[in-house]
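Residue strings, one per chain:
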Amino acid sequence: GDFTSNVIFDWGEALINIIEKDEGKCVVKIIANPNLPEEDKLALSTFVDNQNRDDFYDKVTHNIFQDALDIVEKNLNRDKSKEIKLKIFCYLVATRKLILKFGFPKHVRNANVFHTKDGIFYFDNDLKVGFSGSSNETHGGHLLNIENIHIYKNLDGIDPHIEDIEEKFELSWEGNAPGFDTRKLNKKTLDLITSYAPNRSQVKEYINKFKEEFTKSPVEIPENQVQNNIANEHVEIKENYLDILDPKWEFQQEAREKFIAAKWGILEMATGTGKTRTALSII
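Residues numbered from 1 in each chain as written. Predicted model: local features only at pLDDT ≥ 70, side-chain atom pairs only at ≥ 80, totals over all residues. Heavy atoms only, no water.

Caption draft 1: Representation of the confidence of the model for the protein chain. Confidence in the prediction for the protein chain averages 80 pLDDT; 81% of positions are at 70 or higher. Under a pLDDT of 50 for its full length, residues 218-235 has, in the predicted model, eleven contacts with residues more than four places off or in other chains. (pLDDT = per-residue confidence, 0-100. Contact = heavy atoms within 4.5 Å.)

Rendered as structure tokens:
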């Protein structure tokens, strides 16, 4: 399913453990949905020639990271956490502690998204724990959503669920799964990620910065504004959903204005294009 760099902080203490491990001692392998814009989905459906398809996959996987980098650079002063998350993500990829590949469905024409959510954890003494469920590898999937996940283990011997998950993952990882192509990041993208990645000691500093950033006290209410015995309460700084931060999102403003003019409507928008944000801006 989906993967976002936000999730690395939901890994909690495990993130520290991964960073501390020597190379090859703890490796996270993820096949993720590439979160394609609608125009990329349309372009993908028109490719028949395999060479062109390869070029397209390279372009898409490179743009995913380049877009993240552009967002960080544009909003650096506005949200320091974006830079911190991207730096740590780059370190994990550059040191091969996180190996990321993308799944491109091709089982039908105009296929939608790579949506399966299964995995296996390997421990000492041949212990395996498998899971299958609805949760994406995202902050929402880990913390904010209601999710349903089934867990399997091989403590009592061979477990058929784990064997099935393991077989399908290995097939997918090697690019041999029926119904979709699995693609790794190309050298150009890996070089870009590596150039942006900090070293291990710098990563620890970034994690400490993140902790400081999110443990600061909220803004206190000035004394002359305190009423109704709320002296000890705080003001939460809220995002302004009317702000359009990038020209590519201007269609949200157009949708908002049409909705308000008509006094009702349905927001029919592609995944990831801001239905929730647009709805909140309307409100």
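Continuing now.
Caption draft 2: Broad picture of the environment of Val-28. Mapped onto the elements, Val-28 comes out in strand β1 (residues 28-32). Spatially, the C-alpha atom of Val-28 lies 9.2 Å from that of Phe-121, the residues being 93 residues apart in sequence. (Helix = DSSP H or I, 4+ residues; strand = E, 2+ residues; numbered from the N terminus.)

Caption draft 3: Representation of the sheet that holds strand β6 (residues 180-184) in the model. Spatially, the three strands line up as an open sheet ordered β1-β2-β6, and their pairing is mixed. Two strands lie at the open edges of the sheet, namely β1 and β6, each paired on one side alone. Strand after strand, the sheet turns through a mean of 25° between neighbouring axes, direction not considered. For β1 and strand β2 (residues 98-105), the ladder comprises five bridges, and the chain directions are parallel. Counted as the bridge partner of Lys-29 is Ile-99 from β2. Across the sheet, helix α6 (residues 160-173) lies against β1, β2 and β6, angled at about 75° from β1, the strand it touches most. (Pairing = 2+ DSSP bridges. Axes fitted to C-alpha atoms, helices over the stretch in contact; angles between N-to-C directions.)

Caption draft 4: The arrangement of the sheet that holds strand β4 (residues 128-133) in detail. A sheet is described by the order of its strands in space; here three strands give the open sequence β3-β4-β5, paired in antiparallel fashion. Every interior strand has two partners, whereas the edge strands, β3 (118-122) and β5 (149-153), have only one. Each strand axis lies, on average, 20° off the axis of its neighbour in the sheet, ignoring direction.

Caption draft 5: Quick look at the packing of helix α9 (residues 250-262) against helix α10 (residues 275-282). Put simply, α9 and α10 touch, their axes get as near as 9 Å, and they point 45° apart. Classified by the angle between their axes, α9 and α10 sit oblique to one another. Note on packing geometry: the crossing formed by α9 with α10 is right-handed. Here Gln-252, Ala-255, Arg-256, Phe-259 and Ile-260 of α9 come into contact with α10, specifically with Arg-277, Thr-278, Ser-281 and Ile-282. Considering only residue class, the contact of α9 with α10 consists of four nonpolar, three polar and two charged. (Parallel < 35°, antiparallel > 145°, perpendicular 65-115°, else oblique. Left-handed = near helix turned anticlockwise from the far one by under 90°. Nonpolar A, V, L, I, M, F, W, Y, C, P; charged D, E, K, R; others polar.)

Caption draft 6: Structural context of the nonpolar core. Phe-3, Trp-11, Leu-15, Ile-88, Phe-89, Leu-92 and Leu-98 are the most contacted members of the largest nonpolar core, which totals 35 residues. Among the secondary structure elements, those contributing two or more residues to this core are α1 (13-20), β1, α3 (50-74), α4 (80-94), β2, α7 (187-196) and α8 (200-213). With eight residues, the single largest contributor to this core is α4. Among the nonpolar cores identified, the runner-up in size contains six residues, and Ile-31, Phe-114, Trp-173 and Ala-177 belong to it. (Core = buried A, V, L, I, M, F, W, Y, C linked by side-chain atoms within 4.5 Å. Buried < 20%, exposed > 50% of the residue type's maximum accessible area, 1.4 Å probe, protein only.)

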